[in-house]
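Understanding the architecture of this molecule
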Amino acid sequence: MIRLITDDEARQLLSMREAVEAVEHAFAEYALGRTRMPGKIYLDIEGYGDFRAMPAYLPSLNMAGIKWVNVHPDNPSKGLPTVMATLLLNDPQTGKLMCIINASSLTDLRTGAAGGVAAKYLARKDSSVIGVIGSGHQAWTQMLAYREVFGSRIKLVKVYSRHMEHADAFAGRVRAELGYDAQAYKTAEEAADADIVATVTPARRPVLIADWVKPGTHINAIGADAPGKQELESALTIKARVFVDSIEQASHSGEINVPWRQGLINEKKLAGTIGEVIIGRVPGRTSGDEITIFDSTGLGIQDVAVGHVVYEKALKENVGIEFNL
């Protein structure tokens, strides 16, 4: 029998704390060479958007799977989410399909969790001001992850969005649901004056400029997930210590893809992967003044890791429906 889990059910089954733990484990296993994960496959649909296929196998969880996800920027005007995802989980020993999960919310949660893990290892321990550039679903899950990592140490959240009403609404939600002081700002430069800055936009031109970023800042570059996308000015990327989730993916579709193609950055200039920091193979932050960047492209192992949590809890709590395909 195959278990079918809806988006609402998956979201209720997975807490952000569990997501952070699962993603940290997946990053560590990846750095140790204990996972199998072919590169993300893109299927472009000209004029509409794209699809991405993301297969992965985590022996430590005895789970294999693949996520099929789309990014269609004009969907909100049609009453549909920009991103929709389906996760299939299989028994690696037999290939048997075990579970189908609507993974749209899981995608947001595991992406937020990755930012939380990166901030845990790369941000200054006394970080208390968060800057958020962007105000969508993934901006929110970034904040949920920072709450898990920093808790009451967060004193102020500074929000910028192209539409001031969106920034105001996001700041209001942070105040109401997370209990932090939060303010909307008219410029990205004002929001960037923070200890941790998350860029969560679909930008193809930089929204964060090098001169705006003060020494000691950690930046989570989340939005660039396809060739040509870029949120950070190349001058900022070049002068910072840059960590990625996957060198292969980041070089062609992450934040560093544009300066990489321009010959401004390469593998030798990267500080390492976040997994290598977690397992102690490379140092994370080495001083209070350096600027660190985490380039998040999103990995299939993240999806399988959080999907495994959801599946195991669904079995235990009898959530979802079973059917014979």
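So, here's what we can say about the structure. (Residues numbered from 1 in each chain as written. Predicted model: local features only at pLDDT ≥ 70, side-chain atom pairs only at ≥ 80, totals over all residues. Heavy atoms only, no water.)

**Details of the overall build of the chain**
The following threshold applies: Helix and strand assignments follow DSSP, with helices taken as H or I runs no shorter than four residues and strands as E runs no shorter than two, numbered in order from the N terminus. Here the term buried applies to any residue with accessible area under 20% of the maximum for its type, exposed to any over 50%, and partly exposed to those in between, with areas from a 1.4 Å probe on protein chains only. In what follows, residue pairs with any heavy atoms lying within 4.5 Å of each other are defined as contacts. Calculation of accessible area relied on Shrake-Rupley with a 1.4 Å probe; when residues are assessed, cover is drawn exclusively from the protein chains displayed. Positive: Lys, Arg. Negative: Asp, Glu. His and the chain ends are not part of the count. Charge positions come from single atoms, namely NZ of Lys, CZ of Arg, CG of Asp or CD of Glu.
For the chain, the helix and strand inventory stands at 11 helices and 15 strands. Here the C-alpha coordinates of the chain stretch approximately 60 × 45 × 45 Å along the principal axes. A burial count over the chain gives 58% of its 325 residues as buried. Sequence-distant contacts, at least 24 apart, represent 71% of the contacts inside the chain between residues at least 6 apart. Accessible surface for the chain amounts to roughly 13800 Å². Of this, 52% is attributable to carbon and sulfur atoms. Separation of charge centres in the chain, based on 35 positive and 39 negative side chains, amounts to 2 Å.

**A word on the nonpolar core**
Test applied: What is meant by a nonpolar core is a set of buried Ala, Val, Leu, Ile, Met, Phe, Trp, Tyr and Cys residues, joined one to another through side-chain atoms within 4.5 Å.
Counting 76 residues, the largest nonpolar core has Met143 and Val157 as the members making the most contacts within it. Judged by nonpolar contacts, the second largest core, of 26 residues, contains Ala192, Leu208, Ile219 and Leu232.

**A closer look at the sheet that holds strand S8 (residues 156-160)**
Spelled out, the test is: One requirement defines pairing of two strands: DSSP has to find at least two bridges between them. As a rule, the C-alpha atoms of each element are fitted with a line to give its axis, helices using only the stretch in contact, and angles between N-to-C directions run from 0 to 180 degrees.
Reading across from one edge, S9-S8-S7-S10-S11-S14-S12-S13 is the order of the 8 strands in this open sheet, with parallel pairing throughout. Edge strands, defined here as strands with exactly one partner in the open sheet, are strand S9 (182-184) and strand S13 (272-273). Where strand S10 (residues 196-199) lies against strand S11 (residues 218-221), 4 bridges are found, and the strand directions are parallel. Considered in S11, the bridge of Thr199 is made with Ala221. Sheet strands touched by helix H5 (residues 164-178): S8 and S9. Its angle to S9, the strand with the most contacts, is close to 175 degrees.

**Some words on the side chain of His72**
As a reminder of what qualifies: Polar contact criterion, stated in full: a pair of N or O atoms within 3.5 Å, where within protein one must be able to donate a hydrogen and the other to accept it, and residues adjacent in sequence count only if both atoms are side-chain atoms.
By secondary structure assignment, the location of His72 is in the loop between strand S4 (63-71) and strand S5 (83-90). We classify His72 as buried; its relative accessible area is 13%. Of note is the side chain of His72, whose polar atom sits 3.1 Å from the side chain of Asn70. Discounting chain neighbours no more than four positions away, the residues touching His72 are Tyr48, Gly49, Asp50, Phe51 and Thr82.

**Concerning the packing of helix H3 (residues 104-122) against helix H4 (residues 137-150)**
Using the following cut-off: Here the angle decides the label: under 35 degrees means roughly parallel, over 145 means roughly antiparallel, 65 to 115 means roughly perpendicular, and every other value means oblique. Left-handed describes a crossing whose near helix is turned anticlockwise from the far helix by less than a right angle; the clockwise case is right-handed. Throughout, the ten residues Ala, Val, Leu, Ile, Met, Phe, Trp, Tyr, Cys and Pro are labelled nonpolar, Asp, Glu, Lys and Arg are labelled charged, and all others, Gly among them, are labelled polar.
The N-to-C vectors of H3 and H4 enclose an angle of 45 degrees; their axes lie 7 Å apart at closest approach. Between H3 and H4, the interaxial angle falls into the category oblique. Judged by the twist between their axes, the crossing of H3 over H4 is right-handed. Taken together, the residues of H4 that come into contact with H3 (itself represented by Thr107, Asp108, Leu109, Thr111, Gly112, Ala113, Gly115, Gly116, Ala119 and Lys120) are His137, Gln138, Thr141, Gln142, Ala145, Tyr146, Val149 and Phe150. In terms of residue class, the contact of H3 with H4 is built from 7 nonpolar, 9 polar and 2 charged.

**Digging into unusual backbone geometry**
Leaving glycine aside, a negative phi is the common case for residues, and trans is the common case for peptide bonds. The backbone of Asn62 shows a phi angle near 50 degrees, a positive value even though the residue is not glycine. In this fold, Asn62 is placed in the loop between strand S3 (49-58) and S4. Despite not being glycine, Asn318 has its phi angle at roughly 55 degrees, a positive value. Structurally, the position occupied by Asn318 is in the loop between helix H11 (300-317) and strand S15 (321-323). Exposure remark for Asn318: the relative accessible area of 58% places this residue in the exposed category.

**Concerning the side chain of Asn70**
Within the element layout of this structure, Asn70 appears in strand S4. Judged by relative accessible area, which is 6%, Asn70 ranks as buried. Of the polar contacts made by the side chain of Asn70, one reaches the backbone oxygen of Thr82; its length is 3.4 Å. A polar contact of 2.9 Å, which involves the side chain of Asn70, links it to the backbone nitrogen of Met84. Excluding residues within four positions of it along the chain, Asn70 makes contact with Asp50, Phe51, Asn75, Thr82, Val83 and Met84.

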